Amino acid sequence: MVYKQIADDLRARIATGQLAPGDEVPTEAELAQRWHSSRGPVRNALATLRLEGLIETTRGRPARVRERKAHQAVDVSIPFTRWALEMGAAPGALTQEVSLRRADAAKAAQLRIDEGAPVVDVLRLRLLDGRPTMLERLTYVEAAGRMLFDADLDAISITALLDRNGFPSMSIDHEIDAVAADDTDARLLEVAAGSPILRLQRVTRGPDGTTFEASDERYRSDIVRFTVSASGSSRDGDAYLRALGSGNA
């Protein structure tokens, strides 16, 4: 069908960068002339790309290529570097801080250690194609965290480093919410203070069930969206969605 050929052509031009985010898509008249077609197939092609999230249309204005959003699956754990490479983006990291501290009550509870026990904190900015995308606040039990002081955290995957050194990730709990960007978020992610950003909190355990990592990852919502794939449903209705304060939480 002609509309599929038009859609395929435009999709390929977007994928290769010939039509970049923010660029105007050729008008209906231009596309109809190029494809020797009536307006109907052209409109169907544009509607297809709009449903796919590739273009956006506004009444009275030409269609434009939408800014691409990276999809982050949260039902599985994929290191940032591998995730970026798998979707064709260049990963980057700028480590802001690596420090040895005493665990406060909140971190002690997450890691299931005594309050005041030594922990290693990492603050690291992650980039996609050079754009500030995610700010990660990582906390490790001392045995896992001490090896980070001798590593170039801008050039490696911490997950892979820990896996090679006796701390493989075997089970992970995730919690997703939205928070207002604090001053540190705003400065490093280059967003306005107080603006909404996505937060993904993780608690990671090893093969013996011992918790060794707690993370707080904050994503720019104009770049990343979270996706979840569920393979079934819960008879009790409490497996996937839980209200804050619920007795099942």
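Residues numbered from 1 in each chain as written. Predicted model: local features only at pLDDT ≥ 70, side-chain atom pairs only at ≥ 80, totals over all residues. Heavy atoms only, no water.

Details of the overall build of the protein chain
Reasoning step 1: When helices and strands are counted, the protein chain shows eight helices and ten strands.
Reasoning step 2: Looking at the 249 residues of the protein chain, the share that counts as buried comes to 37%.
Reasoning step 3: If you take every contact in the protein chain between residues at least 6 apart in sequence, the share linking residues at least 24 apart comes to 58%.
Reasoning step 4: Surface accessibility of the protein chain: about 14,100 Å² in total, with carbon and sulfur atoms responsible for 48%. (Helix = DSSP H or I, 4+ residues; strand = E, 2+ residues; numbered from the N terminus. Buried < 20%, exposed > 50% of the residue type's maximum accessible area, 1.4 Å probe, protein only. Contact = heavy atoms within 4.5 Å. Areas by Shrake-Rupley, 256 points an atom, 1.4 Å probe, with all protein chains shown as cover.)

Quick look at the pattern of salt bridges
Reasoning step 1: Summed over the entire model, instances satisfying the criterion amount to 22 salt bridges.
Reasoning step 2: A salt bridge links Asp 182 to Arg 137, with the nearest nitrogen and oxygen atoms 3.3 Å apart. One end of the pair, Asp 182, is in the loop between strand 7 (171-180) and helix 8 (183-189); the other, Arg 137, is in strand 6 (residues 131-141), with 45 residues separating them in the sequence.
Reasoning step 3: For Arg 137, a relative accessible area of 21% puts it in the partly exposed group.
Reasoning step 4: Note that Arg 146 is salt-bridged to Glu 142, the shortest N-O span being 2.7 Å.
Reasoning step 5: A network of salt bridges, in which partner residues are shared, links Arg 137, Asp 177, Asp 182, Asp 185, Arg 199, Asp 216 and Arg 218. (Salt bridge = Lys/Arg side-chain N within 4 Å of Asp/Glu carboxyl O.)

Remarks on the sheet that holds strand 6
Backbone hydrogen bonds are what pair the strands of a sheet, in a parallel or an antiparallel way.
Reasoning step 1: Read across the sheet, six strands follow the order 4-5-6-9-8-7 without closing on themselves; strand pairing throughout is antiparallel. At either end of the open sheet lies a strand with only one pairing partner, and these are strand 4 (91-102) and strand 7. Taken over all neighbouring pairs, the strand axes of this sheet differ in orientation by 15° on average, direction set aside.
Reasoning step 2: The pairing of strand 7 with strand 8 (residues 196-205) spans ten bridges and is antiparallel. Bridged to Ala 178 within strand 8 is Leu 198. (Pairing = 2+ DSSP bridges. Axes fitted to C-alpha atoms, helices over the stretch in contact; angles between N-to-C directions.)

Any functional reading would require information beyond the geometric quantities listed.
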